[in-house]
Amino acid sequence: MKDFQENVVPALAQNSENVFIYNNENSKLKILFAGNSITKHAPKPSIGWTNDCGMAASSLERDYVHIIIKRIMEQYDKNVSFAIAQVAEYERTFFNCKPECSYKEIKDFDADIIITFYGANVTKDYDTMENPPKTFAEAYEDMRNYLVGSNTSVYHSMGFYIRPVLDAEKRSVAQKYGEPFIDISDIRSLPETHGLFNHPNDLGMQMIADRFFEAIEKDLKRIANNK
């Protein structure tokens, strides 16, 4: 039986850069996605991946980021700006890595809304480590605080893989700041939402996008109406 909880994609060199910004000077809304290969992975033919989008969507338009952006453009702001902080490197090295080492370009983006969706590349040894040199919660909070702008709403999410320790630590950070924590336990437990490399296929991406959009829509309405 296939193990849908195994992350088989190397965390190293998923993209040539860590920050991707798509600015529009006429935008009323700025959305930042902090994620890993599910959010953006450059082509890597050596492992059988040839797209440049969230793995394992069949095209750019079908990954969760671009599904959300399309809906925002259709309903709230046709000129929406968005950015991606690809944090696979940070997941892999969070014991001794600081956000400012790789994500300086994002500081001036000043996002209205941030969606954080990561954790899969944290080594599984961490889940049973008694005295880590730094907790994932601490690193996760550091990244949250580094990415927020002057008036940012932050949304946290479970990861796509079932990692109770990481989910609990992320939830604790969300609770500390009184921010929403999005439950995708039903989506990630369905075999039919898993595609290449155990990453979300088109169905998984659509369901994740729907869940995230539902969570942020109240803020989308508020921000679009006030700008």
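That block above? That's the structure.
So, how was this worked out
Each chain carries its own residue numbering, running from 1 in the direction its sequence is written. A pLDDT threshold of at least 70 governs which residues receive local features in this predicted model, and a stricter bar of 80 or more applies before side-chain atom pairs are shown or counted, although totals over entire chains, interfaces and linings include all residues. No hydrogens and no water enter the side-chain calculation; it runs on all heavy atoms of the structure. Any Lys or Arg side-chain nitrogen located within 4 Å of an Asp or Glu carboxyl oxygen qualifies as a salt bridge. The helix count covers DSSP runs of H or I at least four residues long, the strand count covers runs of E at least two residues long, and both are numbered beginning at the N terminus. Partly exposed describes any residue whose relative accessible area lies between the buried limit of under 20% and the exposed limit of over 50%, with all areas from a 1.4 Å probe on protein chains only and scaled to the type maximum. We call two residues contacting when some pair of their heavy atoms lies within 4.5 Å. Angles run from 0 to 180 degrees between N-to-C directions of axes, and those axes are lines fitted to C-alpha atoms, restricted for helices to the stretch in contact. Oblique is the label for any angle not under 35 degrees, not over 145, and not in the 65 to 115 range, which are roughly parallel, roughly antiparallel and roughly perpendicular in turn. By definition, any crossing whose near helix is turned counterclockwise from its far helix by less than a right angle is left-handed, and any crossing with a clockwise turn is right-handed. Only Asp, Glu, Lys and Arg are considered charged in this grouping, and only Ala, Val, Leu, Ile, Met, Phe, Trp, Tyr, Cys and Pro are considered nonpolar; every other residue, Gly among them, is considered polar. In protein, a polar contact means a hydrogen-donor-capable atom and an acceptor-capable atom, both N or O and within 3.5 Å, with residues adjacent in sequence counting only if both atoms are side-chain atoms; elsewhere, any N or O pair within 3.5 Å suffices. Centre distance within 6.5 Å is the pairing criterion for rings of Phe, Tyr and Trp, where only the six-membered ring of Trp is used; planes under 30 degrees apart are then read as stacked, over 60 as edge-to-face, and the remainder as tilted.

A. Layout of the pattern of salt bridges. Throughout the structure, instances matching the rule amount to eleven salt bridges. Among the salt bridges present, the one from Arg71 reaches Asp210, with a minimum N-O distance of 3.2 Å. Here Arg71, found in helix α1 (residues 64-75), pairs with Asp210, found in helix α6 (residues 202-226); they are 139 residues apart in sequence, far enough to count as distant. What makes Arg71 partly exposed here is its relative accessible area of 26%. On the accessibility criterion, Asp210 (32% relative accessible area) is partly exposed. The closest approach of N and O atoms between Glu141 and Lys176, which form a salt bridge, is 2.7 Å. Taken together, the residues span a long stretch of sequence, with Glu141 in helix α3 (residues 136-147) and Lys176 in helix α4 (residues 164-177) at a distance of 35 residues. Residue Glu141 is classed as buried on the basis of its relative accessible area, which comes to 16%. Judged by relative accessible area, Lys176 falls into the exposed class, the value being 57%. In this structure, a network of salt bridges that share partners links the residues Asp167, Lys170 and Arg188.

B. Spotlight on the environment of Arg62. As for its position among the elements, Arg62 is in the loop between β2 (30-35) and α1. C-alpha of Arg62 to C-alpha of Gly35: the two residues are 27 residues apart in sequence and 16 Å apart in space. Ignoring sequence-local partners within four residues, the contact set of Arg62 consists of Ala57, Ile67, Asp202 and Met205.

C. Spotlight on the side chain of Ser157. Residue position: Ser157 is located in strand β5 (residues 153-157). When its relative accessible area of 0% is taken as the criterion, Ser157 is described as buried. Dropping the residues within four chain positions of it, Ser157 is found in contact with Thr116, Phe117, Lys170, Phe181, Ile182, Ile184 and Phe212.

D. Up close: the packing of α1 against α6. Contact pair α1 / α6: the axes reach a minimum separation of 9 Å and the direction vectors enclose 40°. Between α1 and α6, the angle is such that the two are oblique. Every pair of crossing elements has a handedness; the one defined by α1 and α6 is right-handed. Listed contacts from α6 to Tyr64, Ile67, Ile68, Arg71, Ile72 and Gln75 of α1 are Met205, Gln206, Ile208, Ala209, Asp210, Phe212, Phe213, Ile216, Glu217 and Leu220. Across the contact of α1 with α6, the residue classes break down as eleven nonpolar, two polar and three charged.

E. Region of the structure containing the environment of Tyr177. Assignment of secondary structure puts Tyr177 in helix α4. Between the C-alpha atom of Tyr177 and that of Glu141, which follows or precedes it by 36 residues, the distance is 9.8 Å. Within polar-contact distance, the side chain of Tyr177 engages the side chain of Glu141 at 2.5 Å.

F. Focus on the packing of aromatic side chains. As enumerated under the stated definition, the model contains 14 aromatic pairs in all. Ring geometry for Phe94 versus Tyr126: centroids 5.6 Å apart, planes at 80°, classification edge-to-face. Linking Phe94 in the loop between α2 (88-93) and β4 (113-117) with Tyr126 in the loop between β4 and α3, this pair joins segments that are 32 residues apart in sequence. Judged by its relative accessible area of 4%, Phe94 falls in the buried class. Through a chain of ring-to-ring contacts, the aromatic side chains of Phe94, Phe95, Tyr118, Tyr126, Phe136 and Tyr140 assemble into a single cluster.

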